[in-house]
Amino acid sequence: MADLPLSVAAYDRVADRRTDEAWLADAWSRARIVAISRRSSAPTARGGDGAPHLVYREPDDAGDGPRRFLGVVGDQPYFAVTTEPDDRDDWLTLREIGGRADDLEAGLLTAAIALEQWHLRHPRCPQCGEPTTEHKAGWTRVCSNDGSEHFPRMDPAVIMLIHDGADHALLGRGHQWNEGRFSTLAGFVEPGESLEAAVAREVLEETNVGVRDIRYVASQPWPFPASLMLGFTAVLDGDPSVQIDPVEMAEAAWFSRDEIAAARDWTDEHEPATSGSRLQAIPPRFSISRYLIDRWLQGDA
Ligand SMILES: [Zn+2]
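Residues numbered from 1 in each chain as written. Predicted model: local features only at pLDDT ≥ 70, side-chain atom pairs only at ≥ 80, totals over all residues. Heavy atoms only, no water.

Caption draft 1: The arrangement of the environment of Ile 162 in detail. Locating Ile 162 in the fold gives a position in strand S10 (residues 155–163). On the accessibility criterion, Ile 162 (0% relative accessible area) is buried. When the C-alpha atoms of Ile 162 and Ile 214 are compared, they prove to be 9.1 Å apart, with 52 residues separating the residues in sequence. In this view, Ile 162 contacts His 168, Ala 169, Leu 170, Val 203, Val 211, Ala 234, Leu 236 and Trp 254; residues no more than four positions away in its chain are not counted. (Helix = DSSP H or I, 4+ residues; strand = E, 2+ residues; numbered from the N terminus. Buried < 20%, exposed > 50% of the residue type's maximum accessible area, 1.4 Å probe, protein only. Contact = heavy atoms within 4.5 Å.)

Laid out in structure tokens, this is it:
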């Protein structure tokens, strides 16, 4: 799984230090700070490799936003602080940095953004409605009224490469996407539902296609704002005829390996499609959708 961006555990979270105030104070004094804005951008500078890299802030230059302890690499602590973008650096979003950041930078930024998005959206106690405040170095919120403690939430979503056991895969286009751009099917897991049941239900709802042999492949945090993407493959079971749900999908269809490989090349080279193919682009390299598609193109699914 080392090659799926945003998913690599490149630092140690040392969660037991989140309540160790003396240790945290010392760690802060020698920390590298990941500054992020409320719109999930971070200061970057282009490195010698041509890719954007995080510009870490010094502790005395990090602003007075809440300090959230992310973890350590060896003796080096990392914190996140939310601040306003300035004009010292090139502020880019995680989507813009994409898979070009290294695993440590991508991992720190993903955690910092996921935490910030959760704090932003959960200022009040879900039990009594009174304000909550940050505790445990940014990893919980506690109610000022009833003392209840609340933990960061994520929304599990399944994303699946459906194939026919031979040469075709089922891709769909959401209403928000440009014509010609297709991706794997996906949907949120509902309360009381297993991941496998969610895969089968979403495929049936979106395309009226039945599936079997549902297999877990990999996961990817996707903090836009709070998804955890759970990647699967599954095989067509029965009639391949596609009938889309027009509310959920603009279109969906089976495409051959050759058609999908051509769309991959156009996507990576940022070139317009050179044929009149219905499929002209697939998701960018750092997404789990793309990971599932590439894996299938290589014959691994
Ligand atoms: Zn409360």
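Caption draft 2: Inspection of the packing of aromatic side chains at higher detail. Scanning the entire structure with this criterion turns up eight aromatic pairs. Each member of the aromatic cluster is reached from another via a ring pair, and the members are Trp 23, Trp 28, Phe 69 and Phe 79. In this structure, Arg 257 packs its charged tip against the face of Trp 296, placed 4.1 Å from the ring centre. (Phe/Tyr/Trp six-rings, centres within 6.5 Å; stacked < 30°, edge-to-face > 60°. Lys NZ or Arg CZ within 6 Å of the ring centre and 35° of its normal.)

Caption draft 3: Seen up close, the coordination of the zinc ion. Ligation of the zinc ion by protein atoms is provided by Cys 125 (SG), Cys 128 (SG), Cys 143 (SG) and Asp 146 (OD), these donors lying 2.3 to 2.4 Å from the ion. Of note is the zinc ion, whose four donor atoms meet at the metal with angles of 102 to 120° in an arrangement that counts as tetrahedral. Spacing between the donor residues of the zinc ion along the chain follows C-x2-C-x14-C-x2-D. Of this pair, Cys 128 sits in the loop between helix H3 (103–121) and strand S7 (132–135) while Cys 143 sits in strand S8 (residues 140–143), and the two are 15 residues apart along the sequence. A residue is classified by how much of its surface remains accessible, and Cys 128, at 32% relative accessible area, is partly exposed. (Donors = N, O, S within 2.8 Å, 3.2 Å for Na, K, Ca; no water. Tetrahedral: all angles 85-135°; square planar, octahedral: opposite > 155°, others 65-115°.)

Caption draft 4: Layout of the side chain of Glu 105. With respect to the helices, strands and loops of the structure, Glu 105 is situated in helix H3. Buried and unpaired, Glu 105 has no salt bridge, with Arg 32 as the nearest side chain of opposite charge at 8.8 Å. Looking at Glu 105, its side chain comes within polar contact range of the main-chain nitrogen of Leu 54, at 3.2 Å. Excluding residues that lie within four positions of it along the chain, Glu 105 makes contacts with Pro 52, His 53, Leu 54 and Tyr 56. (Lys, Arg positive; Asp, Glu negative; His and termini not counted. Salt bridge = Lys/Arg side-chain N within 4 Å of Asp/Glu carboxyl O. Polar contact = N/O pair within 3.5 Å; in protein donor to acceptor, adjacent residues only side chain to side chain.)

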